[in-house]
Amino acid sequence: MAPATGPKNYANKNAHMTGFGTLCTFPGASRKIATCGGVDQMVKIHSMEQKEGVEEAESEQIDHFGHGVWAVAVSCDGSMLAAGGSRENEGVALFNKNDDDEFQFERNVGRSSLDTRHLAFSPTSTLLAIASDEQDILVTESDPAKGTTVLEGHRGGVKYLAWDTEGKYLASSGSDATVRIWDPKAKKEVKCIEKAFSKTAASATFASGSEEGDGMPKNRCGLSWSPVGNQLAFASGDRVRVFERETWVEKEAFSLGDPNADCSLVQFSPNGSYLLTLDTNGLAIVWDVMEKESLSRHENPKGNEFQVAVFDPDFNGLIVMSKDGGYGSVGDVVADDKVGPHEMLDLDDDLEAEEIKSFDGMDDGEE
């Protein structure tokens, strides 16, 4: 059952200056996260380890960029880090771990004439997908001797990327309000979901003078594959929509309960039992997949809205980043009498797939 091992309250730790930023977790039990902030042009690596009487380790800084950075990704084997942002940065920077366990710059990849918005490594860590304000998605090989695949189809900038667990399909969301499924190996689009988001949610940006920064997206139009890879979820306004892999048939899931909600990010928990949503007002909600009900709701008690929230891969909690550049943890997001979001279910593959498939949606007429 879910242990109360994580911190119970949000503890703000300064990472970046106020403005648009993001974070990602490292694989395994390293208890590390990477963050980036557009204003201070820097990537930082932080330890989330908390031990009684042990002084907190200093964050590792990657001070490589001369312009804004608002996209960062860590490879699934933890050996590579990629970061990008402003078109002035000469592409996306790729870093490899050296013998001192520090990230060292290797090369620039996937240079775009417009700003980079999101990055995603494939499960094998051999491919890096790059989304930018250009219409094309670039998929570059980690091996510099191999080329780059260009995926063409979006009718506007690309906002978010997500690989399925097998690494066969890449999902993308765009400012053209579509979600597209790609087979990068075959270099083709296999499915286009039109009107996945409202046009406003897909294309609205912050104005000049805002703390987020001129031109930053108001809604990230996030995507998430279920842990067994059989379903793709994304939030569309006040609803979570789920599509089956291969058939790409939509399975209506549930309403977020607020007709004015504008959900920005969505993520399945590591065990597939829960779903996390984050709206543009900074409200994070943890949902029970089978019961389709909210279990806990979380806002920043310090007033600065959360702009990113992800499940903690090791504890019953969330890791969050607020608009003021701070980061921290929210603990006990699931009650102690339930399986924690990080606890892998002791089920065979067929049963686990069936449980996650129960998220398929409501019967006709069910509210």
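Attention in this report is confined to the structure presented alongside it.

**Topic: the sheet that holds strand β3 (residues 32–37)**
- Across the sheet, which stays open at both edges, the four strands sit in the order β2-β3-β4-β5 with antiparallel pairing between neighbours. One side of each edge strand has no neighbouring strand; the edge strands of this open sheet are β2 (21–25) and β5 (60–62). Across the sheet, the mean angle from the axis of one strand to that of its neighbour is 20°, orientation sign disregarded.
- In terms of strand pairing, β2 meets β3 through five bridges, oriented antiparallel. What sits directly across from L23, in β3, is T35.

**Notes on the pattern of salt bridges**
- Evaluated as defined, the whole model comprises 17 salt bridges.
- In this structure, R117 and D133 form a salt bridge, with 2.9 Å as the shortest nitrogen-oxygen distance. With R117 in strand β10 (residues 116–121) and D133 in the loop between β11 (127–132) and β12 (137–141), this residue pair connects regions lying 16 residues apart in the sequence.
- Taking relative accessible area as the criterion, R117 reaches 13% and is therefore assigned buried.
- With its nearest N and O atoms 3.4 Å apart, the salt bridge here joins K338 to D288.

**Some points on the sheet that holds strand β27 (residues 317–322)**
- Ordered in space as β1-β28-β27-β26, the four strands form an open sheet in which the pairing is antiparallel. One side of each edge strand has no neighbouring strand; the edge strands of this open sheet are β1 (13–14) and β26 (306–311).

**Overview of empty space enclosed by the protein**
- The tally for this structure, following the rule as stated, stands at five cavities of 30 Å³ or more.
- Here the largest cavity defines a volume of roughly 140 Å³.
- Every residue lining the largest cavity is counted, 15 residues in all, and those nearest its centre are K218, R220, T280, Q307 and K323.
- Broken down by secondary-structure element, the contributors of at least two residues to the lining of the largest cavity are β23 (274–279) and β26.
- Tallied by class, residues from the lining of the largest cavity come to five nonpolar, four polar and six charged.
- Of the volumes computed, that of the second largest cavity is approximately 40 Å³.
- As for the second largest cavity, its lining consists of G110, S112, T116, I130, S132, E134, D136 and L138.
- In the lining of the second largest cavity, the residues fall into two nonpolar, four polar and two charged.

**Description of the nonpolar core**
- In terms of nonpolar packing, the biggest core is built from 41 residues, with V179, L223, F234, V286 and L318 touching the most fellow members.
- Considering every element that reaches this core, the biggest residue donor is β26, with five residues.
- Ignoring anything within four residues of it in the chain, the contact list for L223 reads Y160, A162, A171, S172, S173, V179, L232, A233, F234 and V266.
- Residues A34, F65, V74 and F95 belong to the second largest nonpolar core, which totals 16 residues.

Rules of the game
- Residues numbered from 1 in each chain as written.
- Predicted model: local features only at pLDDT ≥ 70, side-chain atom pairs only at ≥ 80, totals over all residues.
- Heavy atoms only, no water.
- Pairing = 2+ DSSP bridges.
- Helix = DSSP H or I, 4+ residues; strand = E, 2+ residues; numbered from the N terminus.
- Axes fitted to C-alpha atoms, helices over the stretch in contact; angles between N-to-C directions.
- Salt bridge = Lys/Arg side-chain N within 4 Å of Asp/Glu carboxyl O.
- Buried < 20%, exposed > 50% of the residue type's maximum accessible area, 1.4 Å probe, protein only.
- 1 Å grid on protein atoms, 1.4 Å probe; cavity = no way out; pocket = protein on both sides within 12 Å on 5 of 7 lines; lining within 4 Å.
- Points joined across faces, edges and corners; volume = space filled by probe spheres on them.
- Nonpolar A, V, L, I, M, F, W, Y, C, P; charged D, E, K, R; others polar.
- Core = buried A, V, L, I, M, F, W, Y, C linked by side-chain atoms within 4.5 Å.
- Contact = heavy atoms within 4.5 Å.

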